[in-house]
Amino acid sequence: MAKIEKIVLSYSGGLDTSIILKWLQETYGCEVVTFTADLGQGEELEPARAKAEMSGVKDIRIIDLREEFVSDFVFPMLRANALYEGQYLLGSSIARPLIAKHLVGIAREVGAHAIAHGATGKGNDQVRFELAVNALDPSIKIIAPWRQWNIRSRMQLLEYAEKHHIPVPSDKRGEAPFSIDANLLHTSTEGKILENPAEVAPDHVYQRTVDPVDAPDTPEIITIGFERGDPVSVNGKSMTPAALLTELNGLGGRHGIGRLDLVENRFIGMKSRGIYETPGGTILLTAHRGIESITLDRAAAHLKDEIMPRYAELIYNGFWFAPEREMLQALIDQSQTFVSGEVTLRLYKGSASVISRTSACSLYSADLVTFEESAIAYDHHDAEGFIRLNGLRLRSWAARNGR
């Protein structure tokens, strides 16, 4: 095997990736380039730079990807109303292909032949990172330390850190901490007491939302504007994608919207329990379905609902860059041509409810649906033939069965 001269590491600056950085330097004896993605995780990222510098890293990349994350990944997914297993808004899943895309881009730029990530051998993220790299540049070698090194316990991890003078935060000692992932779309929390699905999640697990019981007693009314399926404004104010999602996160969090306690089926075969908070995404999903309800043709809307579970599963399993996901995306995006208008919602005690919707592209006809005299000619007798034709096979079936 050819010697690896340079590695690009997906680096958060946390304990695990700090240890991985040192292990890569020791094991491969080569230059490591660190890449830290700002996805709106709400953490100060400059400490990651300082830690990388302390470890002798010369090329440190910290890139603000918030706008790209929301416009090119979150919004396309929301056009599909994507929910994994009917509930999960795919907050972690949709971030991984973006990180992988930039890992590959940096590797090409600096001439690295390998990239490394800190995903464990039990989770979905290892699959998502590596399938994305396979699709983008199969010539790049992937290094997954958690599948390669001989560290098998948290105690061994801490011993390695202390041996190599890697600072260990006090909250990382003793009992294993919660596993937390955060970005502009969501937060997820796993581990510790949550590993028992019979245990109620403690209040301190939640980071972005108040308990709906403690949310304001007065509802808040907001209006979201859409153009071609994408949200573009809140309460009449135009915003960039990242700014809009940030605004809705604040509104939703204040009203306890977007909490989910889920036992899901991981791609690799095991079940896991996670606590998810997706306040802005939950509001957007509700609003998007609201504007689609008056702008999409019935058959188009039903077809979207039929393919949505497959589309969501592709994202969850790491196939964002696969041809079948791109094919489905083309169909979904075509359906959004006339999905424009405004939706008004009531935010209250953990719920976001559509209370009105309007669109210049609406297919809704008050003249057709009204119980009063209609300006549009509609012959009620036509329904008789419609029903008889649709009932023909049922009458034949009933006759055969002696009914």
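Chains are numbered independently. Their residues run from 1 in the order of the written sequence. Two thresholds apply to this predicted model, a pLDDT of at least 70 for residue-level local features and 80 or more for giving and counting side-chain atom pairs, whereas whole-chain, interface and lining totals are computed over all residues. The basis for every side-chain value is the complete set of non-hydrogen atoms in the structure, without hydrogens or water.

Trainee: Break down the overall build of the chain for me, with residues and values.
Mentor: Counting from the N terminus, the helices are DSSP H or I runs at least four residues long and the strands are E runs at least two residues long. Counting secondary structure elements, the chain contains 13 helices and 14 strands. Buried, partly exposed and exposed residues are distinguished by accessible area as a fraction of the type maximum, computed with a 1.4 Å probe on protein chains only: under 20%, between the cut-offs, and over 50%, respectively. Within the span of the chain, comprising 403 residues, buried residues form 49% of the whole. The contact rule is simple, with two residues in contact once any of their heavy atoms fall within 4.5 Å. A fraction of 72% describes how many contacts in the chain between residues 6 or more apart in sequence connect residues 24 or more apart. Where accessible areas are quoted, they stem from the Shrake-Rupley method and a 1.4 Å probe; at the residue level, only the protein chains shown are allowed to cover. Accessible surface for the chain amounts to roughly 20300 Å². Of this, 53% is attributable to carbon and sulfur atoms. Averaging the positions of the 43 positive and the 53 negative side-chain charges in the chain gives two centres separated by 5 Å. The charge count includes Lys and Arg as positive and Asp and Glu as negative, but it does not include His or the ends of the chains. The atoms used to mark charge sites are NZ of Lys, CZ of Arg, CG of Asp and CD of Glu.

Trainee: Can you explain the pattern of salt bridges? Please cite residues and give values.
Mentor: Just to be clear on terms, a salt bridge is a Lys or Arg side-chain nitrogen sitting within 4 Å of an Asp or Glu carboxyl oxygen. Counting across every chain of the model gives 21 salt bridges. A salt bridge links E220 to R254; the shortest N-O distance between them is 2.9 Å. Here the residue E220 occupies a position in strand β8 (residues 220-227), and R254 occupies one in helix α8 (residues 241-254), the gap between them amounting to 34 residues. Taking the relative accessible area as the measure of exposure, E220 reaches 23% and is therefore partly exposed. Judged by its relative accessible area of 40%, R254 falls in the partly exposed class. Here R310 makes a salt bridge to E313, at a shortest N to O gap of 3.7 Å.

Trainee: Pulling in residues and values, what's your account of the sheet that holds strand β6 (residues 179-182)?
Mentor: Across the sheet, four strands lie side by side as β6-β7-β12-β11; this open sheet has antiparallel pairing. Of all strands in the sheet, those bounded by a partner on one side alone are β6 and β11 (259-265). Taken over all neighbouring pairs, the strand axes of this sheet differ in orientation by 25° on average, direction set aside. Two strands make a pair as long as DSSP finds a minimum of two bridges between them. Alignment of β11 against strand β12 (residues 271-277), held across seven bridges, turns out to be antiparallel. Each bridged residue has a counterpart across the sheet, and for L260 the counterpart in β12 is Y276. Helix axes are fitted to C-alpha atoms over the stretch in contact, other axes to C-alpha atoms as well, and angles between N-to-C directions run from 0 to 180 degrees.

Trainee: Could you give an account of the sheet that holds strand β5 (residues 141-143), with specific residues and numbers?
Mentor: The parallel open sheet is built from five strands, whose spatial order is β3-β2-β1-β4-β5. Looking at strand neighbours, the two that pair on one side only are β3 (60-64) and β5, the edges of this open sheet. Strand-to-strand twist of the sheet, defined as the mean angle between neighbouring strand axes without regard to direction, takes the value 25°. Both strand β4 (residues 114-116) and β5 contribute to a ladder of three bridges, which runs parallel. If you follow I115 over to β5, its bridge partner there is I142.

Trainee: Lay out the packing of helix α3 (residues 66-79) against α8 in plain terms, naming residues and giving numbers.
Mentor: Taken N-terminus to C-terminus, the directions of α3 and α8 make an angle of 85°; their axes are 7 Å apart at the nearest point. Taken together, the axes of α3 and α8 are roughly perpendicular relative to one another. On α8, the residues that touch R66, E67, V70, S71 and F75 of α3 are P241, A242, A243 and L245. When residues are sorted by character, Ala, Val, Leu, Ile, Met, Phe, Trp, Tyr, Cys and Pro go into the nonpolar class, Asp, Glu, Lys and Arg into the charged class, and all the rest, Gly among them, into the polar class. Among the residues forming the contact of α3 with α8, the class breakdown is six nonpolar, one polar and two charged. In these notes the angle categories are as follows: under 35 degrees is roughly parallel, over 145 is roughly antiparallel, 65 to 115 is roughly perpendicular, and the rest is oblique.

Trainee: Got a sec to walk through a nonpolar patch on the surface? Specific residues and values, please.
Mentor: A cluster of nonpolar residues, F267, I268 and M270, forms a patch on the protein surface that exposes about 230 Å² of accessible area. One can find I268 in the loop between β11 and β12. Residue class for I268 comes out partly exposed when judged on its relative accessible area of 36%. Like charges are joined within 9 Å and nonpolar side chains (Val, Leu, Ile, Met, Phe, Trp, Tyr) within 5 Å, but only among residues with over 30% relative accessible area and no salt bridge; these make up the patches.

Trainee: Describe the pairing of β12, listing the residues and the values that go with them.
Mentor: Looking along a regular strand, one sees the side chains alternate between the two faces of the sheet. Of all seven residues that make up β12, six are buried, and the element is covered over most of its length. Relative to β12, strand β7 (residues 187-190) runs antiparallel, the two sharing three bridges. Each residue of the ladder has a partner; that of S188, found in β12, is Y276. The hairpin turn running from β11 into β12, its antiparallel successor, is five residues long, and G269 in that turn takes a positive phi close to 125°.

Trainee: So what about the packing of α3 against helix α9 (residues 279-295)? Which residues, and what values?
Mentor: Where α3 meets α9, the axes come as close as 10 Å, and the angle between the chain directions of the two elements is 45°. The orientation of α3 relative to α9 falls into the category oblique. The handedness of the crossing between α3 and α9 is right-handed. Along its contact with α3, which presents F75, L78 and R79, the element α9 presents G281, L284, H288 and E292. Per-class residue counts for the contact of α3 with α9 are three nonpolar, two polar and two charged. Note: crossing handedness is left-handed where the near helix turns anticlockwise from the far helix by less than a right angle, and right-handed where it turns clockwise.

Trainee: Go over helix α4 (residues 96-110) with me, naming the residues and quoting the values.
Mentor: Expected span, for any helix, means 1.5 Å times one less than how many residues it has. Given a rise of 1.5 Å per residue, 15 residues ought to cover 21 Å, and the 21 Å separating the end C-alpha atoms of α4 matches this to within 8%. Summarising burial for α4: eleven of the 15 residues are buried, a large majority. Phi for G111, located one or two positions after α4, is positive at around 75°.

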